[in-house]
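Take a look at the letters that make up each chain.
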Amino acid sequence: MLAVCIREVQKTLAQSSKRLIESKLATFGLGEADGFKVFRDVIETPGDGLIGFQGMQDHTAESIKSLEGYRRAWVEEAQGLSQRSLTLLRPTIRAAGSEIWASWNPTRKNDPIDVLLRGAAPPTGSVVLRANWSDNPWFPAELEQERQDDMRDRPDSYEHIWDGDYVKVTEGAYFAAQLTDAKIKGRIGNVSADPLMTLRAIWDIGGTGAKADACSIWICQFIGREIRVLDHYTAQGQPLAAHVNWLRENGYGKALCILPHDGASNDKVYDVSYESALRDAGFEVTVVPNQGKGAAMQRVEAARRLFPSIWFNEKTTEAGREALGAYHEKKDEIRGIGLGPNHDWSSHDADSFGLMCVVYEEPQQARERRRPRHTGGGSAWMTG
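My aim in this report is to walk through the structure given alongside it, one point at a time.

What counts and what doesn't
- Residues numbered from 1 in each chain as written.
- Predicted model: local features only at pLDDT ≥ 70, side-chain atom pairs only at ≥ 80, totals over all residues.
- Heavy atoms only, no water.
- Buried < 20%, exposed > 50% of the residue type's maximum accessible area, 1.4 Å probe, protein only.
- Helix = DSSP H or I, 4+ residues; strand = E, 2+ residues; numbered from the N terminus.
- Pairing = 2+ DSSP bridges.
- Core = buried A, V, L, I, M, F, W, Y, C linked by side-chain atoms within 4.5 Å.
- Contact = heavy atoms within 4.5 Å.
- Phe/Tyr/Trp six-rings, centres within 6.5 Å; stacked < 30°, edge-to-face > 60°.
- Lys NZ or Arg CZ within 6 Å of the ring centre and 35° of its normal.
- Salt bridge = Lys/Arg side-chain N within 4 Å of Asp/Glu carboxyl O.
- Polar contact = N/O pair within 3.5 Å; in protein donor to acceptor, adjacent residues only side chain to side chain.

1. Overview of the pairing of strand β8 (residues 200–205)
Within a regular strand, side chains alternate between the sheet's two faces. A large share of β8 lies buried, amounting to 6 of its 6 residues. Judged by which residues are buried, β8 turns out to be covered on both faces: R200, I202 and D204 on one side and A201, W203 and I205 on the other are all buried. The pairing of β8 with strand β9 (residues 214–223) spans 6 bridges and is classified as antiparallel. Residue pairing across strands places A201 opposite I219, the latter belonging to β9. Both β8 and strand β11 (residues 256–259) contribute to a ladder of 3 bridges, which runs parallel. Within β11, the residue paired with A201 across the bridge is C257.

Structure (structure tokens):
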């Protein structure tokens, strides 16, 4: 049998499962006399069989043809497999009796492997098995102690590490502690809109004009010293009309739209800005001035300060909170210094969330400065 062990990225064989397979051969006493020969790049198996090790990221539509005739493809750490790689692999492993095996610890609901095998319509004939530490009859005492320590010391990541749940908070993320605190203190639950208060739609757009490459919207209300986060929306590669339709279909057709500074910029192709297009669609619009250098960290710090006053509607903000839990510092591993927020899939949602906090905080601070303060004697009052 021809078999291949696959990872999304495999720069060296040290990143593959080759050493693990070699150790298992040694454990069971299987060697050349049994038809197993270990070479630098491959392992030969009885009957002219072969186990190879490859990274899918390096394959093209042409090079993937080298795997035709293989009857087993084991995708290791399959949560990292891209949609492109999955699309290349599936029609290639098609010999009679062939199978694709995938093993992974889930990370996100929309990871391609999760969508394929745990989504609404898994492939006909597929088998999905959830296997956990609790299913292991040989689970060692050392790991049991480590599990209990993690339950005590790392409650925010325990369910992902040990129970196969999706990642809710990335260790070292900007808002890891704040999200955990919000969950513990009950600020994530059923949050309703106040019909008498202004609905705000806080935007981030990954580009300019009518067709930016990414869009994030948080729906919120500012009620006294509270920020009530009611809903969340994110889209990739969709036109402005799709975002407007979502607002209207979900009852936010009269929301005040608050845009970052680039919302006023005209797209080079469409010659229209988000600001003007939303006004033409009947929305009231405010554009926040450019915060200048360090704007991303200003938003992070504003969000951290205000987190104790933020309440989330649990069902409609799950994807947004997942992005907040993943938003983290980009590190220079050589110099050991931070390079500011990492611009990845989570950054647009985090930017619009941070903008919401900036928009709330600045007027609130101004009101605090204007609020009369009693001096403690007679009827004298003063303003600060």
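2. A word on the pairing of strand β13 (residues 310–313)
Both strand β7 (residues 188–189) and β13 contribute to a ladder of 2 bridges, which runs parallel. What sits directly across from G189, in β13, is N313. Both strand β10 (residues 226–236) and β13 contribute to a ladder of 3 bridges, which runs parallel. Opposite I227, over in β13, you have I310 as the bridge partner.

3. Observations concerning the nonpolar core
Among the nonpolar cores identified, the biggest contains 31 residues, and F175, I227, I310, F312, F353 and M356 are the most heavily contacted of them. Mapped onto this core, the elements with two or more residues apiece are α6 (176–184), β9, β10, β11, α9 (295–306), β13 and α11 (347–370). Counting residues per element, this core draws most heavily on α11, which supplies 8 residues. Sequence-distant contacts of F312, that is, excluding residues within four places in its chain, are made with R187, I188, G189, V191, W218, V229, F307, T317, R321, L324 and F353.

4. Quick look at the environment of T92
By the element assignment, T92 lies in the loop between α2 (83–89) and β6 (99–102). Classification of T92 as buried rests on a relative accessible area of 6%. In sequence terms T92 and G69 are 23 residues apart; their C-alpha atoms lie 8.3 Å from each other. In this structure, T92 is in contact with I64, L67 and E68, ignoring residues within four places of it in sequence.

5. Details of the packing of aromatic side chains
Tallied over the entire structure, the rule returns 15 aromatic pairs. Ring centres of W203 and Y274 lie 5.6 Å apart, and the angle between their planes is 80°; on these two criteria the pair is classed as edge-to-face. Here Y274 lies in helix α8 (residues 274–280) and W203 lies in strand β8, a separation of 71 residues in the sequence. Side by side, W203 and Y274 carry an identical accessibility label, which is buried. Seen from their ring centres, F307 and F353 are 5.6 Å apart, and the 45° between their planes marks the pair as tilted. In this pair, F307 sits in the loop between α9 and β13 while F353 sits in helix α11, placing the two residues 46 residues apart along the sequence. Owing to a relative accessible area of 1%, F307 belongs among the buried residues under this scheme. Here a set of aromatic residues connected by ring pairs shows up, and it is made of Y174, F175, W218, F307, F312, Y327 and F353. The positively charged end of R108 is found above the aromatic ring belonging to W345, 3.5 Å away from the centroid.

6. Some remarks on the pattern of salt bridges
For the coordinates displayed, the defined rule picks out 19 salt bridges. For the salt bridge of D153 with R152, the shortest nitrogen-to-oxygen distance reads 2.7 Å. D181 is the salt-bridge partner of K185, the closest N and O atoms lying 3.2 Å from each other. We classify D181 as partly exposed; its relative accessible area is 27%. A network of salt bridges, in which partner residues are shared, links D149, R152 and D153.

7. Concerning the side chain of S352
Relative to the elements of secondary structure, S352 occurs in helix α11. According to the relative accessible area criterion, S352 is buried, its value standing at 0%. For S352, the side chain forms a polar contact with the side chain of W218, separated by 3.1 Å.

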